[in-house]
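# Secondary and tertiary structure notes
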Amino acid sequence: MPKYAVLIMLLMSSVLWAEELATASVSIARPDAIALVRAVETQYQGDCSHGKMRMLIKTRSWTRTLEIEMWSEGRDKLLTRILAPVKERGTCTLKVDNDIWNYIARIDRMIKIPSSLMGDSWMGSHLTNDDLVKENKIDQLYQLSIAEQNGDIATIVGIPFPDAAVVWGKIVYQIDTARLVPILIEYFDEEGEKVRSMVFSEVKQVGERLLPMLARIVPADKPEEYTEMLYQEIDFSVELPRDLFSIKSLRNR
Amino acid sequence: MDTVLTKELSRIYQNGAAEVKAVDSVDLTIESGEFAVLAGPSGSGKSTLLNLIGGLDRPTAGTVHLSGELLNEKTDDELTRARLFKIGFIFQAYNLIPVLTAYENVQFILQIQGIPDSQHADRIMPLLQELGLDGLEHRRPSELSGGQQQRVAVARAIVGRPSIILADEPTANLDSESAVNLLNMMHRLNLEQKVTFLFSSHDQRVIDIAQRIISLRDGKICDDIRKN
Amino acid sequence: MVIWRIAWRNLWRNRRRTQLTMGAMIFACAMLVFSLGYYDGFLWSLINNATEKENGHIFLARPGYYANPVLEDTVSENISAQLPTAVKEQVKGVCPRLQAYALLSCGTGQENRTQPSQIVGVDFQAELANSKLAGDIVAGSFLSGQQREILLGQGLARKIKAELGSEIIFFSNAADGSIASEILLVKGIFSSGDNLRDSALAFMNIVDAQQLLALEGRVHSHRLFLHNPMQAREVAEQINDHQKAIEATPWQTMFPQIADILQIWFAIQLFTVAIYYAAMALITFNTMYMAFLERMQEFAVMQAIGLTRRRLARLILLESLILATVSGLIGMMLGASLNIVLFYYPIDLSRWLESISWGGSSIQPVLFCVPSLLSNLLPLLAMILLGFAVAALPIWRLYRLKPVEALREV
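Being a predicted model, the structure only gives us computed values, none of them experimental.

Attention now goes to the state of the cysteines. Scanning the entire structure with this criterion turns up zero disulfides over all chains. Not engaged in a disulfide, the cysteine Cys92(A) finds its nearest cysteine sulfur in Cys48(A); these two sulfurs lie 18 Å apart.

Attention shifts here to the side chain of Thr171(B). Following the sequence through the fold, Thr171(B) ends up in the loop between strand E7 (164-168) and helix H6 (176-193). Setting aside residues up to four positions removed in sequence, Thr171(B) forms contacts with Ala179(B), Leu182(B), Leu183(B), Ser201(B), Asp203(B) and Val206(B).

With that out of the way, let us pick up the pattern of salt bridges. For the structure on display, the rule yields 30 salt bridges over all chains. Here Arg62(C) and Asp73(C) are joined by a salt bridge, their closest N and O atoms 3.9 Å apart. Remark: Asp73(C) occurs in the loop between strand E1 (58-61) and strand E2 (75-76) and Arg62(C) occurs in the loop between E1 and E2; sequence separation between them is 11 residues. With relative accessibility at 11%, the residue Asp73(C) sits in the buried group. Here Lys187(C) and Glu149(C) are joined by a salt bridge, their closest N and O atoms 3.4 Å apart. In this pair, Lys187(C) is assigned in strand E8 (residues 179-190) and Glu149(C) in strand E6 (residues 149-153), connecting sequence segments 38 residues apart. You can call Lys187(C) partly exposed: its relative accessible area is 23%. The buried category is assigned to Glu149(C), whose relative accessible area is 4%. Salt bridges sharing partners connect three or more residues here, namely Glu34(B), Arg212(B), Asp224(B) and Arg226(B).

Residues and elements named next belong to chain B. Reading across the sheet, the six strands line up as E6-E7-E8-E3-E9-E10 and stay open at both edges, with mixed pairing between neighbours. Two strands close off the open sheet at either side, each with one partner strand: strand E6 (87-90) and strand E10 (220-226). Across this sheet, the average inter-strand angle for adjacent strands is 15°, counted without regard to direction. In terms of strand pairing, E7 meets strand E8 (residues 197-200) through four bridges, oriented parallel. Note on E8: the bridge partner recorded for Leu 166 is Leu 198. In the packing of helix H5 (residues 146-159) onto the sheet, the strands contacted are E6, E7 and E8, and the crossing angle to E6 comes to about 170°.

Next up on the list: the domain arrangement of chain C. Segmenting chain C into domains produces domain 1 (2-50 + 259-408) and domain 2 (70-219). Taking only C-alpha atoms, the centre of domain 1 of chain C and the centre of domain 2 of chain C are 52 Å apart.

Turning next to empty space enclosed by the protein. If you roll a probe as big as a water molecule over the atoms, it shows you where there is empty space left. Applying the stated rule across the entire model yields four cavities of 30 Å³ or more. The computed volume of the largest cavity comes to approximately 70 Å³. Taken together, Arg83(B), Leu84(B), Ile87(B), Gly88(B), Phe89(B), Ile109(B), Arg156(B), Ala157(B), Gly160(B), Pro162(B) and Ile305(C) make up the lining of the largest cavity. Counting residues per element, the ones that place at least two in the lining of the largest cavity are helix H2 (76-86), E6 and H5 of chain B. Considering every element that reaches the lining of the largest cavity, the biggest residue donor is E6(B), with three residues.

Quick look at the sheet that holds strand E2 (residues 18-31) of chain B now. Ordered in space as E2-E1-E4-E5 (chain B), the four strands form an open sheet in which the pairing is antiparallel. Looking at the sheet topology across the chains shown, the edges are occupied by E2 and strand E5 (69-70) of chain B.

Moving on, we get to a nonpolar patch on the surface. Side chains of Trp8(C), Val326(C), Leu329(C), Ile330(C), Met333(C) and Leu334(C) sit close together on the surface and give an oily, nonpolar patch of about 520 Å² of accessible area. The leading source of residues in the nonpolar patch is helix H12 (residues 309-344) of chain C, at five residues.

All right, on to the environment of Val199(A) then. All names here are of chain A. Take Val 199: it is sitting in strand E11 (residues 194-206). Taking the C-alpha atoms as reference points, Val 199 and Leu 184, 15 residues apart in sequence, are found 4.6 Å from one another. Other than its neighbours up to four places away in sequence, Val 199 contacts Ile 183, Leu 184, Leu 214, Ala 215 and Arg 216.

All names here are of chain A. In this structure, Thr 155 sits in strand E8 (residues 153-160). The class of Thr 155 is buried, set by a relative accessible area of 13%. Ignoring sequence-local partners within four residues, the contact set of Thr 155 consists of Ser 145, Ile 146, Ala 147, Glu 148, Val 172, Tyr 173 and Gln 174.

Facing the 23 residues of chain C at the interface are 26 residues of chain B. Across the interface of chain C and chain B, roughly 2,200 Å² is buried in total on both sides, 63% from carbon and sulfur atoms. Counting the surface chain C buries against chain B, the share from its top three residues, Arg9(C), Ile305(C) and Val404(C), is 27%. Between chain C and chain B we count three salt bridges in total. A salt bridge links Asp76(B) to Arg309(C), with the shortest nitrogen-to-oxygen separation between them at 3.5 Å. Along the contact surface separating chain C from chain B lie seven residue pairs in polar contact (both at pLDDT 80 or more). Contributing elements (two or more residues each) for the side of chain C that touches chain B: helix H1 (2-11), helix H11 (296-304), H12 and helix H14 (403-408) of chain C.

Our next topic: the interface of chain C and chain A. In many reports, interface size means the accessible area that the parts give up when they come together. Facing 24 residues of chain C, the contacting portion of chain A comprises 24 residues. In total, chain C and chain A occlude about 2,000 Å² of area from one another, counting both sides; carbon and sulfur atoms represent 58% of this. Area buried by chain C at its contact with chain A is led by Phe171(C), Ile179(C) and Ser181(C), which between them contribute 25% of it. On inspection of chain C and its partner chain A, the count reaches three salt bridges. Between Glu182(C) and Arg106(A) there is a salt bridge, and its shortest N-O distance comes to 3.3 Å. On inspection of chain C and its partner chain A, the count reaches 13 residue pairs in polar contact (both at pLDDT 80 or more). Every element with two or more residues in the side of chain C that touches chain A is listed here: strand E3 (91-106), strand E4 (113-122), strand E7 (167-173) and E8 of chain C. Classifying every residue of the side of chain C that touches chain A by side-chain character gives 10 nonpolar, nine polar and five charged.

Conventions and cut-offs
Residues numbered from 1 in each chain as written. Chains lettered and ligands numbered in written order. Predicted model: local features only at pLDDT ≥ 70, side-chain atom pairs only at ≥ 80, totals over all residues. Heavy atoms only, no water. Disulfide = S-S within 2.5 Å. Helix = DSSP H or I, 4+ residues; strand = E, 2+ residues; numbered from the N terminus. Contact = heavy atoms within 4.5 Å. Salt bridge = Lys/Arg side-chain N within 4 Å of Asp/Glu carboxyl O. Buried < 20%, exposed > 50% of the residue type's maximum accessible area, 1.4 Å probe, protein only. Pairing = 2+ DSSP bridges. Axes fitted to C-alpha atoms, helices over the stretch in contact; angles between N-to-C directions. Domains from an automatic or database assignment. 1 Å grid on protein atoms, 1.4 Å probe; cavity = no way out; pocket = protein on both sides within 12 Å on 5 of 7 lines; lining within 4 Å. Points joined across faces, edges and corners; volume = space filled by probe spheres on them. Patch = residues over 30% accessible without salt bridge, like charges linked within 9 Å, V, L, I, M, F, W, Y side chains within 5 Å. Areas by Shrake-Rupley, 256 points an atom, 1.4 Å probe, with all protein chains shown as cover. Buried area = accessible area lost by both parts, 1.4 Å probe. Polar contact = N/O pair within 3.5 Å; in protein donor to acceptor, adjacent residues only side chain to side chain. Nonpolar A, V, L, I, M, F, W, Y, C, P; charged D, E, K, R; others polar.

Below, the structure written as structure tokens:
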């Protein structure tokens, strides 16, 4: 089940999730939550991806579209680059382990995002920096359990362990266990109030996997706003240059 | 008409448990134009009788009529008004208002009587001349001798044209010459302007000059002599 | 009138006593005027310290912006047309401001330091004319209107290791959602005394900020400075009645603690007046009462020769009132002069005393007074009342006085 890896690496979320589920389901017929996560953890390393997506951001006062190219390696390395609009073309975000760097093409400068800003919006969208970073430790941070199995739809609830340093008070997933794709993720704060939700749709076959092509994030307190991410291309069979995920490469791209 | 008329007039002081009859059933009539003296030793009741007649004190019993008006029934303010218009006071200690000049002390009476300012000088200056005070009108009491002060007091008593002048031991603080001088002037005013005077005094000079001598002893009239 | 003459001359009978009494009364009155002026000055400082750097006396913005500032909630930078005429006369100056959240970053490679900051775009000329912002500069200089200038709070500069002339990377989202980025140069570093504020605050020219944030011609707020800050609430009401598209928030709402103080201020003033005059009354009452007692016999004579008690009472009252009023007027003039001098030339005591932060403002160790009608008239009024009070007992005695008894005391 656990696609949190996906959730966490927001940009890539749906892709990774599907992949995890696919592999997990091979070894575990009737998955229990933790076992599923563990399976994902161990088999996930080393995969590379390259893709393009269109990000549509709608807020109370403006709407804009970003075209983004992205690369990933495992769960620790991620690089995004804005292709459009032209004014922002070349602006990159690099994530390596827990660090995030932004390269601002217009002024040819790079800034490092400090850990205190992980809750901040990423590029004005409804994603946060934290979504890019907090990744591979979901099973260590949250107590996972299958709350409900309704036909092919499984509902899994994640509650943080008492001493875990986490952002959410609760996470709820809905997964299509037949096709092994995510349907919905809801995020709650410590008071149990829903903060935002992520909805997946347009499931497509990509190579051996089934992937939702569209993810939409809606903040609970501003239901008229959202951020939509639509994959235009995604390729898991790529070889990536060795120094791709480095500061030096940001400027050169 | 009688200027002063008292009937069975008494004034009793409470001195501890003892009653002191300062004035005891006095029947007295003073007529207009008289120049009379209440004579008698200290404590005989002269001053008390004078105060009763002047409306400064209230009788324990009996009545006082002043120019036909009964003083007994008047309120304090009415008595003050009666004193202003009907009585001129001359005190032993002169008692001029220290912050006013001689002229202003006299004028004071006209001002509180409400006499228009335009008439003041015409009424005051002849009076001061008559009393030998010309040239001194701008002096304050402290700049005047006792005799001069008492003459200012006389002018102040007369200027308001009262029915009667009550003078309580007016010569007691004066030297002999001043006293005689003062008495002569008052006598002249009596003769020429028909001003009625009632003194209280045990000064022989006063008694000598008076037309009528009313002797008091223990609050009673013991003798009433008119000279002719 | 002769009563006046007597009253006036009586005052000068015992010249020394009158002078001493008057001296004490003048001193008390002057001190009181000064104290009240100082209180007002203290309050003004409190208000000004609270308002001059931040929000002005009145904060004008879109309805709701003050409580919940949102980047997109802007108003026109031309505010003058939106104010009622009556209000304009009360306004000393207007400072437009644009406010945004941004990342400020300094240094390259691993030395790069980034801090989230409050960025305030200001009209440097308006700020120089109206606010004390420029007075906080501790290094470099204030904005001069040149392009790409930025002023950093001392704490912020320390955090991102920036110095004068350092290159600062500005990174944020503009009002249209686009990425706002610019390289700015540190023109000055300021310290307001509020470390928390200074560690996350920067100022830049409003024109630059408008361009960067895609808000040309727009501002978030106008801060009005009034000739009389005490009028802020009334002026704000006038604006709110007149203009629904903007919301005026007076400093009383922004700094309720100071407003609360103000509410009890009048009571404090009255209390002070009462204490002063209780002391004054004891001093002057005694001398004046003695002066009257000495003259009881004189009063008796006046009564005997025809002055009614009512007129005598008027005489006593007149004497007392002349003394009180003359003393009060002189004292008022002395105190007011002192206040005016200290208003224009406050005395700085910061060498001996430290300032204190309180209620969103700070209390500065400055001897500063504000002359006001109330602080001038209240002591005079109290002095006149004292005149009545001092006359009351002799008059009461007078009404019980029997002339014949007073005369006998010769």
